[in-house]
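Residue-level structural notes
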Amino acid sequence: MRLNGAQILWECLVREGVDTVFGITGGAVLPIYHELPNYPIRHITMRHEQACAHAADGYARATGKVGVCLATSGPGATNLVTGIATAMMDSSPMVAITGQVATNALGTDAFQEVDITGITMPITKHNYLITDVADLALAVREAFHIASTGHPGPVLIDIAKDAQTAEIEFEYPDYVSLPGYKPHTRGNPRQIKQAADMINTAQRPLIIAGRGVLVAGAQQELCELATKAHIPVSTTLLGKSAIPETHPLCLGMGGMHGEAFANYALQQCDLIFAVGMRFDDRYTSAAGTFAPNAKIVHVDIDPAEIAKRIRVDLPIVGDAKNVLRQLLPLVEERDLADWLGQIDSWRAETRDRDALWQETDEVLPQYVVFNIWEATRGEALMVSDVGQNQMWEAQYYRHVRPGGLISSGGLGTMGFALPAAIGAAAGRPDCQVWVVVGDGGFQMTLQELATVMQERLPIKIAILNNGFLGMVRQWQEMFFQKNYSGSPLLGPDFAKLAEAYGIAAATIESKEGVAAAVKAAYDSDGPMVIDFRIEREHNVFPIVPVGHPIDQMIRRPKQTQP
Amino acid sequence: MSLPPPDSTFSRRTLVVLMEDKPGVLSHVSNLFRRRNYNIESLTVGHSETQDISRMTVVVHANDAMLEQVAKQLYKLINVTKVSEVNTDDAVMRELALIKVHAPSAQRAEIKQVVDIFRAQIIDVALDSMVIEITGDESKVESLISILKPFGIKELTRTGRVAMIRGSLTANGTRFGS
């Protein structure tokens, strides 16, 4: 079959199982867009290329499939950069396709020419510049393979305009041959036996589960391990829902804003079994002070993550699901009543300080998140932005559904939530998708309300509006003498703005309106924006100041019992 | 045991990296070193015994933990097929330098003598200059340079270290950490 490059690209995407592409057209992708209507692929036209990348990322995290975004050369390509870097940091499988100026114009500073393969080299797992149509099909095949296997990540394919129009006999490669790329997926049996021995003899063991558990689909195995050996489970931010968060052994998120009992357990335990996580600085705080009494077993599919920041006693390279399956029969049933009793007493004491018990008429952000949790029974697909809103979501939404949280953890990209939710909603029409976002982050990508309306995506958007870049303001209050430099924001009336897009909206200024507004959004079958005017200078607690050991946090103020 | 190991001493370590000869692969590698803040002393690249496989020798200033990270990060590059460390004890290491030295006729004999002592070669002679070629380990190259300095070095180029394991073992047959 003789096809041109643009047709070959779509033929390949169809063969890779792509059903949705997030893109914006432009000069250097005109041939590609010209062929698009002939293929069974839904194209969602976004309003900014950064949003295309976040949407592809959100789609990937929600479905487990590779997300695809498409942009033109030059500014179209550079606008993808933030979204590609976000996907790279959080190991999200993505293929980004960009148009490039024609081969004979390459390197001449032609109109809308930019070296996007050079620019994205450090933020992609791999990238390709296609100047010969003969190389295109294999590059697409390899890109999907690389993006979705091992430690998943973004791959970029930059296609010169003449390669899009040149014709060649199309043949889809049967297999890819990448001698330098062979991810280890099964753990070494000797090391797994050793890990089992360590688990079977530990007195105060603790599991730390990260996003790798979700990527591998190993929630059930993880839960079995925890339940069989009675080991409590702490998660990273992106590991939330690796175990149902209502499970009695689940300690929730640990780290800088982790609950005190989770962090006490980290510092007191004698064994850490870490799986699919990377000991990020927001989780461990100062590396030299982390878990001083613990031996550490680290399971990860990427050898480079092992012993990168934290010394590891036993490394196991492999896929979380395989390793847990190999491990389970070797682990003994244990009764660790003393250790679990100790954790429960910390937990009870923490509960006494819970912010939800504060007596106030103001709208507390925790209360908003708690209401969303109640209304959705922990089963919504939550997409949080970055900053205080992200931490309140993490602390007060107890996820029951595996993979129920999508958030920019590693890069911390404000403005991620709304476009990522568009991708998630497009990929998972069976789930109710909620956005939790601050007024700062929302204003970074709110142009995508147009996409929500255009595609009729029933996304519920909860803006926790405090008129500040809230986390920055909190740090200024605590560590910079309340010098609120650059952090106050004067925002628009978000409800009116939503209405201008034809999206239902409400503004909530007092506590009693919260539950009803959440219920209204939950019950509606369309999108809705709720502007929650929260207490302006409310802080996220606990917080571990940078450089302190993870159990030396500033805690929530102690409340009087209700 | 979560404390990072006490820093083992920093020294010059040599890695041999084999990679598919694809466009952009060299910039992938050099970009990696810059991005991860690794301190490269030299980097050379050329063809290997296998067609379409390039061979790179990298000298980094690193301790054990850093070198392990360098090797792991190199392996993450899709086109890198092999990374191995070679040690001075069990490998030959060489560098080539071309030195253009100021050599008016009055000084030629003296320079020639130095060149002979170092078993270097004069490969070009002009009215008032010579080009000298030397092959050896870095210390040999450096001492020749320091001896020629007083004559006036007009131009200098060094290739950086290349290395090969002694005996029948090959870089392709060993793996980092083994």
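What counts as what
Residues numbered from 1 in each chain as written. Chains lettered and ligands numbered in written order. Predicted model: local features only at pLDDT ≥ 70, side-chain atom pairs only at ≥ 80, totals over all residues. Heavy atoms only, no water. Helix = DSSP H or I, 4+ residues; strand = E, 2+ residues; numbered from the N terminus. Contact = heavy atoms within 4.5 Å. Areas by Shrake-Rupley, 256 points an atom, 1.4 Å probe, with all protein chains shown as cover. Lys, Arg positive; Asp, Glu negative; His and termini not counted. Charge placed at Lys NZ, Arg CZ, Asp CG, Glu CD. Buried < 20%, exposed > 50% of the residue type's maximum accessible area, 1.4 Å probe, protein only. Pairing = 2+ DSSP bridges. Axes fitted to C-alpha atoms, helices over the stretch in contact; angles between N-to-C directions. Buried area = accessible area lost by both parts, 1.4 Å probe. Salt bridge = Lys/Arg side-chain N within 4 Å of Asp/Glu carboxyl O. Polar contact = N/O pair within 3.5 Å; in protein donor to acceptor, adjacent residues only side chain to side chain. Core = buried A, V, L, I, M, F, W, Y, C linked by side-chain atoms within 4.5 Å. Domains from an automatic or database assignment. Left-handed = near helix turned anticlockwise from the far one by under 90°. Nonpolar A, V, L, I, M, F, W, Y, C, P; charged D, E, K, R; others polar.

**Description of the overall build of chain A**
A tally of regular secondary structure across chain A gives 22 helices and 20 strands. In terms of its C-alpha atoms, chain A occupies a principal-axis envelope of roughly 70 × 60 × 45 Å. By sequence separation, contacts in chain A at least 24 residues apart represent 76% of the contacts at least 6 residues apart. For chain A, the computed accessible surface area is about 20400 Å², with 52% contributed by carbon and sulfur atoms. If the 45 positive side-chain charges of chain A are averaged to one point and the 62 negative ones to another, these points end up 5 Å apart.

**Focus on the overall build of chain B**
Along chain B, the regular secondary structure elements total four helices and nine strands. Its C-alpha atoms give chain B principal-axis dimensions of roughly 65 × 40 × 35 Å. Within the span of chain B, comprising 178 residues, buried residues form 43% of the whole. Here the analysis covers contacts within chain B between residues at least 6 apart in sequence; of these, 73% occur between residues at least 24 apart. Carbon and sulfur atoms form 52% of the exposed surface of chain B, whose accessible area is close to 9600 Å². Between the averaged position of the 22 positive side-chain charges in chain B and that of its 21 negative side-chain charges there is a distance of 3 Å.

**Thoughts on the environment of Glu167 of chain A**
Residue and element names in this part refer to chain A. As for its placement among the helices and strands, Glu167 is situated in strand β8 (residues 167-169). With 112 residues separating them along the chain, Glu167 and Phe279 place their C-alpha atoms 49 Å apart. When sequence neighbours within four positions are dropped, the list of residues in contact with Glu167 reads Arg2, Leu3, Asn4 and Val133.

**As for the sheet that holds strand β4 (residues 67-71) of chain A**
Residue and element names in this part refer to chain A. Sheet architecture is open: six strands sit in the order β3-β2-β4-β5-β7-β6, paired in parallel fashion. Bordering the open sheet on either side are β3 (42-45) and β6 (126-130), each of which pairs with just one other strand. The mean inter-strand angle of the sheet, taken between neighbouring strand axes irrespective of direction, is 20°. Of the pairings in the sheet, the one linking strand β2 (residues 20-23) to β3 comprises four bridges and is parallel in character. Bridge pairing links Phe22 to Ile44 in β3. Contacts from helix α3 (residues 49-63) reach β2, β4 and β5 (94-100) within the one sheet, and its direction differs from that of β4 by about 170°.

**Focus: the interface of chain A and chain B**
Facing 29 residues of chain A, the contacting portion of chain B comprises 21 residues. Roughly 2100 Å² of surface becomes buried between chain A and chain B when both sides are summed, with 54% attributable to carbon and sulfur atoms. Summed over the shared surface of chain A and chain B, the result is one salt bridge. Notably, a salt bridge pairs Lys76 of chain B with Asp302 of chain A, separated by 2.6 Å at the nearest N-O pair. Across the chain A-chain B interface, the total number found is four residue pairs in polar contact (both at pLDDT 80 or more). Listed by contribution, the elements that provide at least two residues to the side of chain A that touches chain B are β6 and β13 (295-300) of chain A.

**Observations concerning the nonpolar core**
Nonpolar side chains in soluble globular proteins generally cluster together in the buried interior. Among the nonpolar cores identified, the biggest contains 52 residues, and Phe22, Met46, Phe442, Ile459 and Ile461 of chain A are the most heavily contacted of them. Of the residues that make up this core, three or more belong to each of domain 1 (2-169) and domain 3 (361-533) of chain A.

**Observations regarding the pairing of strand β17 (residues 433-438) of chain A**
All names here are of chain A. Within β17, six of the six residues are buried, which leaves it mostly tucked inside the rest of the structure. Side-chain alternation along β17 places Val433, Val435 and Val437 on one buried face and Trp434, Val436 and Gly438 on a second face that is also buried. Where strand β15 (residues 381-384) and β17 come together, four bridges link them in parallel fashion. When the bridges of β17 are listed, Val383 appears paired with Val435. Bridging between β17 and strand β18 (residues 460-465) involves five bridges; their strand directions are parallel.

**Notes on the packing of helix α10 (residues 219-229) of chain A against helix α13 (residues 320-327) of chain A**
All names here are of chain A. At a closest axis distance of 9 Å, the pairing of α10 and α13 adopts a crossing angle of 35°. Crossing geometry of α10 relative to α13 is assigned as left-handed. Contacts between α10 and α13 involve Glu221, Leu222 and Leu225 from the former and Lys321, Leu324, Arg325 and Leu327 from the latter. Residue classes in the contact of α10 with α13 are distributed as four nonpolar, no polar and three charged.

**Topic: the domain arrangement of chain B**
Residue and element names in this part refer to chain B. What the domain assignment lists for chain B is domain 1 (11-86) and domain 2 (92-162). Residue-level contacts link seven residues of domain 1 with six residues of domain 2. Across the domain 1 to domain 2 interface the summed buried area is about 540 Å²; carbon plus sulfur atoms make up 52%. Our count for the contact surface shared by domain 1 and domain 2 stands at zero salt bridges. Seen at the junction of domain 1 and domain 2, the total is three residue pairs in polar contact (both at pLDDT 80 or more). Elements with a minimum of two residues in the side of domain 1 that touches domain 2: β1 (11-20), β2 (39-47) and β3 (53-62). Here the residues of the side of domain 1 that touches domain 2 are counted per class, giving two nonpolar, four polar and one charged.

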